[in-house]
Structure formats: structure tokens, C-alpha cells
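# Remarks on the overall topology
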Amino acid sequence: MAASTASLAPPFRFSISFASCNGRARAPPPRAVRCSAQSDSGAPPLLLAAKYTVDRYIESGMVVGLGSGNASSMAINYLGQQLRAGALEDIVGVPTSVTSASEGAKSGIPLDNYRGYSQIDFAFDDADIIEEDTLIAVVGRRKLEGGESIIQEKFVLNAAKRLVFIITENKYKGALDGSVPVLVQSLNWMETAEEIDDLFLGDAEVWRRPSIGHADPLGGDFPVVTKDGHNVLDVIFTSPIANLAQVADSLDRVDGVVDHGVVSKFPCTAVVASPSGVSVIDNVPINVAGDSEI
């Protein structure tokens, strides 16, 4: 690990606790490693979490997936600082979006495009919400800028050997709510929307996302069209989402659905920022001796 890790060591105190199991993974439980930053550290909690992610997980010579969002922007900027300071070297960044590519270039990080055979050692990203224990996440609620694609983002995340989501504590919860973005074929999109609406009848509304103006079920006269030519449907849940894995599986079975914003990755880590410090939660099971299995 680069020498810069030591610079963050004093503010962090580590203790081990164990997150409770969910119904789909009874034993062994996920490993939850809690670390708290002292209140006088001075940095905003999300910035602390972004710096911790870079210092803890990124090593010289790695190919790193660069996420999209506020926390990822902080991590990209800090990663560039570490490269310029010589604390890290020979890093190649693989952007998940046009925005992260621009931020990576401005930070001086050498970039490469994702290819199907690309080897990605590590990736970090923001998440709109994360399911407790499983660390299944939803991405893509944000407004997609020109050229951005959930498909590209998920390709990079799924190709990474290890993935970290950097989030605030209000996004890590057991009772999930809000929307799940779904990419659909533009032709006959309404039939696909109706099938999704029937699938979650009474629990969700399905709206086509507009590129400008206010949202409505039809997406107005100017619906979002991704660089791949797809429309975006927002499945807006009006009841708590009981099981994200089941939602993803159901969407995968609908004709016309190209992809969606649910990300299920193993191993995966959530670095959670709060006013009291930073929590690090893994979905890596532990063995009887208490050691991680990877």
C-alpha cells in the first residue's frame, strides 16, 4: 500500500462488528468492519470516505474503474493528487461515464476505454441506494448527460475484481424506496412499460424519463434517448422495495428490457459516510475462524 495511507491512519479507530444476515444468505454472515473518524478531522464525511477508499484499496499498477457522482468525483480528484505527489504510479482509469472521463482527464489520470476483455482490478462508484447486508445497489437515478449509459457503468463495475460504493448513511437502509431506472428498446417501448406496470401492479408507477421539461408517464415530446438508442423508464415504487434481487430478476424476464440500474456484485464493499465517521461494510462472508473467504 502506498505511503499515503499512513496519512489517514491517525483519525481512524477500527473495531469489528457483524451485520445481520438476510433471508437469502443465512450463514456465514457478511463482515462489517466499522471505522470512525474523529470529529476534529475537519474534512466533510463524504470526502473522508472518498479519501479512505483511494488509500485503502488502490495500489500502484492498478487499472481502476472511475465512478460517477459526487463522491466518485472527490475520489477521482484525490487519486489524481496522489499520482502527482508520487504516492501512486502506473494507474490507468476506466471511466463509467462522460463525466468521470472528463474529471479523470482534468485530474491527470491516464485513461482507457472499457473493452469486453478489459481487466479491471478495482472500481469505485456512487450509488443511489444500497440494500442492507446484501449490498445490492441501484445506480442511474441521476440525470444522464449526453453520451452516458447505465450499460457502460455496469460493464465497468461488473468487470472489476472488487467494487466499492461510496455513499452517505441515508442511502444504506433496509427499507428501500424510490425508483429503479430501466433501459428499454425505443421501438414498442409502451408495450414494455405496460408489462412492467402489470408486473408491479399497485406497488409502482412506470414513467418514461424526459430529456427536458417535467416527467410524465409518456415522457413528454422529448424523451431521453441514450447513446445506444434506448429510452429510460423510471419504475417509481410507491411501496417499500422488499427485495432488490427479485426486482432485478423480474425485470430481466421482460421482453424489451435491455438493462436496469440494479447492481449485484460479489465481492462488494460499501464505504458509508456519516457525521460520526466512516463505516466499511463488506458482503464477503467469513469462515468459522473469523477470516474472510477471499
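Preceding block: the structure.
Counting restarts for each chain, with residues numbered from 1 along the sequence as it is written. For a predicted model such as this one, the threshold for reporting local features is a pLDDT of at least 70, and the threshold for listing and counting side-chain atom pairs is 80 or more; totals across whole chains, interfaces and linings nevertheless cover every residue. For the side-chain quantities, the full set of heavy atoms in the structure was used; hydrogens and water were omitted.

## Details of the pattern of salt bridges
We define a salt bridge as a side-chain nitrogen of Lys or Arg found within 4 Å of a carboxyl oxygen belonging to Asp or Glu. Summed over the entire model, instances satisfying the criterion amount to five salt bridges. Among the ionic pairs, Arg-209 bridges to Asp-234, the shortest N-O distance being 2.7 Å. On the criterion of sequence distance, the pair formed by Arg-209 in the loop between strand 11 (204–208) and strand 12 (230–241) and Asp-234 in strand 12 is long-range, its members being 25 residues apart. Overall, Arg-209 belongs to the buried group, its relative accessible area being 9%. We count a stretch as a helix when DSSP gives it H or I for four or more residues in a row; a strand needs E for two or more, and each element gets its number in order from the N terminus. Relative accessible area decides the class of each residue, using a 1.4 Å probe on protein chains only: under 20% of the type maximum gives buried, over 50% gives exposed, and in between gives partly exposed.

## Quick word on helix 7 (residues 244–252)
The complete set of buried residues in helix 7 reads Leu-244, Val-247, Ala-248 and Leu-251. The arc that holds the buried residues of helix 7, viewed along the axis, is 95°, so those residues lie on one side. Working definition: the arc comes from the directions between the helix axis and the C-beta atoms, pointing outward to the latter.

## Description of the environment of Gly-86
Among the structural elements, Gly-86 can be located in the loop between helix 3 (70–85) and strand 4 (92–95). Classification of Gly-86 as exposed rests on a relative accessible area of 53%. Residues Gly-86 and Ser-60, spaced 26 residues apart in sequence, show a C-alpha to C-alpha distance of 9.9 Å.

## A look at the packing of aromatic side chains
Aromatic pairing here means that ring centres of Phe, Tyr or Trp (its six-membered ring) are within 6.5 Å. Orientation follows from the plane angle: under 30 degrees is stacked, over 60 is edge-to-face, and everything else is tilted. Under the defined criterion, the tally for this structure stands at four aromatic pairs. Judged by centre distance (6.3 Å) and plane angle (85°), the ring pair of Tyr-52 and Tyr-57 falls under edge-to-face. Both residues of the pair, Tyr-52 and Tyr-57, belong to the buried class. Ring plane angle 10° and centroid distance 5.6 Å describe the contact between Tyr-57 and Phe-122, whose orientation is recorded as stacked. Here Tyr-57, found in helix 2 (residues 45–57), pairs with Phe-122, found in strand 5 (residues 122–125); they are 65 residues apart in sequence, far enough to count as distant.

## Brief notes about the sheet that holds strand 6 (residues 129–131)
Two strands qualify as a pair provided DSSP detects at least 2 bridges between them. Reading across from one edge, 9-6-7-14 is the order of the four strands in this open sheet, with mixed pairing throughout. Sheet topology places strand 9 (172–173) and strand 14 (262–263) at the edges, where each strand pairs with a single neighbour. Sheet topology note: the strand 7 (residues 137–138)/strand 14 ladder contains two bridges and is antiparallel. Residue pairing in the sheet places Ala-137 in a bridge with Val-263 of strand 14.

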